[in-house]
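Below are the chains, spelled out letter by letter.
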Amino acid sequence: MNGKKDIFLDNASTTRVDEEVRDAMLPYFSEFYGNPSSVHQFGKKAMLLRESARELIADFLGCKPTEIFFTSCGTESNNTAIKGFALNFLGTQKNHIITSNIEHPSVIQSVLFLKEKFGFEITVLKADNEGRVSPEQVQDAITEKTFLITVMHANNELGTINDIKSISEIAKSKGIYFHSDTVQSIGKIKFKLNEIPLNSASLSAHKIYGPKGIGVLYLSENSFVEKLLHGGGQERGLRSGTESIPLIAGLKKTIEILINKIDEDIEHYTKLNEYLKSQLTKYFREGISYNSPKENVLQNIVNIKIDYRKFNIDPEMLIVKFDLNGIAVSAGSACHSGALKPSEILLELGLSEKEALSSIRISFGRYNTKDDIDFFIDVLKRILQ
Ligand code: PLP
């Protein structure tokens, strides 16, 4: 692009596919292309790959293979869990769902759909100014009608980590289903599903150096969701549709690599995080503050607020200016239209439209280096001078 340097600091939106992952997928397009439901050898090979992937993922996440369901993305996993649980309770006394105002649209829009189309009652908990939902808030919102609580593990814009262990224990003690959107936390912090009494959780391969188009829904064996996709009964009846074996092969390799690299990855994100903050302090003593919290936060996400008045900048132009200078950062969630709108999450946390627009999310990945941070700081100096 114009011969200039292009630095990707938007890894919370998506990541570059690992070359080993790409290579692992290739044979499944034109060599082992069988349908896993077929009884012949072609089908068997595909089925064996699918089941070995399921076992590996279950082992990595800390659950049973029968609790893993392949989906097309994190969005589908969240939709399937939330709508699937709700359909089981349709027309019963239990009609209350608890969620929060910092959820990803795939959660909040699913919940709003259930409210608008089916009359479910919704409580949207207000996160604190760090984007955190407390177990006490959840506890206080529970009524005898509550059947589902859905609170994300780590927020995609701020990196804030919620105490889902305590929340899931509260839910369990009351016999309420608990779903957590774990799309951003998997691979960025270490945890095992069997240490947290969750009913369901979601994973998306493209956030962890895997291909786009594949996700996982974890559904604990004591949890039941109504299916959303009807058809040939794949994925033990939960998710019909011929499985994408190349994508499953890609996800399997993604997880194999993650198992080996997770400690190194986390250390790498932590070092880049510390370095970025030290450089920001060095060059911008005033005028830059953090939207991301200091503690209980993913190390790969740093969300900063630039004082647009002090630097006399047009907030609406900020992300574009970074882009023109070869840096991809985000104004918030990239899952939307690409339009320059202030982040809903930051507005929910009390920032004004201009403050939200003058905030940027820098998110590191496995392939970023300290040089990338230096380049970012240079561009930031240029933009703010
Ligand atoms: N949940 C969170 C927290 C996310 O950040 C995203 C994607 O940005 C999703 C869900 C959706 O995942 P996918 O892009 O795989 O649909």
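In case you missed it, the structure is sitting above this.
Now for a description of the structure that goes with this document. It should be emphasised that the depicted structure is a prediction, and the values quoted were computed from it without experimental measurement. (Residues numbered from 1 in each chain as written. Predicted model: local features only at pLDDT ≥ 70, side-chain atom pairs only at ≥ 80, totals over all residues. Heavy atoms only, no water.)

**Comments concerning helix H5 (residues 105–118)**
- Across its 14 residues, H5 extends 19 Å between first and last C-alpha, which sits within 8% of the 20 Å expected from 1.5 Å per residue.
- Where H5 is buried, its residues meet helix H4 (74–89), strand E3 (96–100), strand E4 (121–125) and strand E5 (146–150).
- Just downstream of H5 lies glycine 119, where phi reads positive at about 75 degrees. (Helix = DSSP H or I, 4+ residues; strand = E, 2+ residues; numbered from the N terminus. Expected span 1.5 Å × (residues − 1). Contact = heavy atoms within 4.5 Å.)

**Topic: unusual backbone geometry**
- Backbone geometry at glutamate 235 places phi at a positive 50 degrees, although glycine is not the residue there.
- Even without glycine at this site, asparagine 296 takes up a positive phi of about 50 degrees.
- Take asparagine 296: its relative accessible area is 55%, and that puts it in the exposed class. (Buried < 20%, exposed > 50% of the residue type's maximum accessible area, 1.4 Å probe, protein only.)

**Notes on the nonpolar core**
- Judged by nonpolar contacts, the single largest core of 59 residues is most densely connected at Leu61, Ile149, Leu251 and Ile255.
- Looking at this core, the element that brings in the most residues is helix H8 (residues 245–283), giving 10 residues.
- Residue contributions to this core reach at least three from each of two domains, namely domain 1 (7–16 + 262–384) and domain 2 (19–257).
- Aside from chain neighbours lying at most four places away, what touches leucine 251 is Ile57, Phe70, Leu203, Ala205, Pro211, Ile214 and Val216. (Core = buried A, V, L, I, M, F, W, Y, C linked by side-chain atoms within 4.5 Å. Domains from an automatic or database assignment.)

**Overview of the sheet that holds strand E9 (residues 288–290)**
- With antiparallel pairing, three strands are arranged side by side in an open sheet as E9-E10-E12. Whereas interior strands pair on both sides, the edge strands pair on one side only; in this sheet they are E9 and strand E12 (359–363). On average, each strand axis in the sheet is inclined to that of its neighbour by 30 degrees, with strand direction left out of account.
- Bridge analysis of E9 against strand E10 (residues 301–306) gives three bridges, and the strand direction is antiparallel. If you follow isoleucine 288 over to E10, its bridge partner there is isoleucine 306. (Pairing = 2+ DSSP bridges. Axes fitted to C-alpha atoms, helices over the stretch in contact; angles between N-to-C directions.)

**With respect to the environment of phenylalanine 364**
- Position of phenylalanine 364 among the secondary structure elements: in the loop between E12 and helix H13 (370–384).
- Through-space distance from the C-alpha of phenylalanine 364 to that of asparagine 273 is 8.1 Å; in sequence the pair is 91 residues apart.
- Ignoring any residue separated from it by four or fewer positions in sequence, one finds phenylalanine 364 in contact with Leu9, Asn11, Tyr269, Leu272, Asn273, Leu276, Gln299, Asn300, Val302 and Ile373.

**Considering the pairing of E12**
- The buried fraction of E12 amounts to five of the five residues, a majority that puts the element mostly inside the structure.
- The alternating pattern of E12 places Ser359, Arg361 and Ser363 on one face and Ile360 and Ile362 on the opposite face, and all of these are buried.
- Direction of pairing for E10 relative to E12: antiparallel, over a ladder of five bridges. The residue bridging isoleucine 301 from the neighbouring strand is serine 363, located in E12.

**Concerning the side chain of serine 202**
- Topologically, serine 202 is positioned in strand E7 (residues 200–204).
- Among the residues examined, serine 202 registers a relative accessible area of 1% and is labelled buried.
- Each residue touching serine 202, except ones within four places of it in the same chain, is listed here: Gly74, Ser77, Asn78, His179, Ser180, Asp181, Thr182, Val183, Ile186 and Val216.

Note that all results are geometric; they support no functional claim without further evidence.
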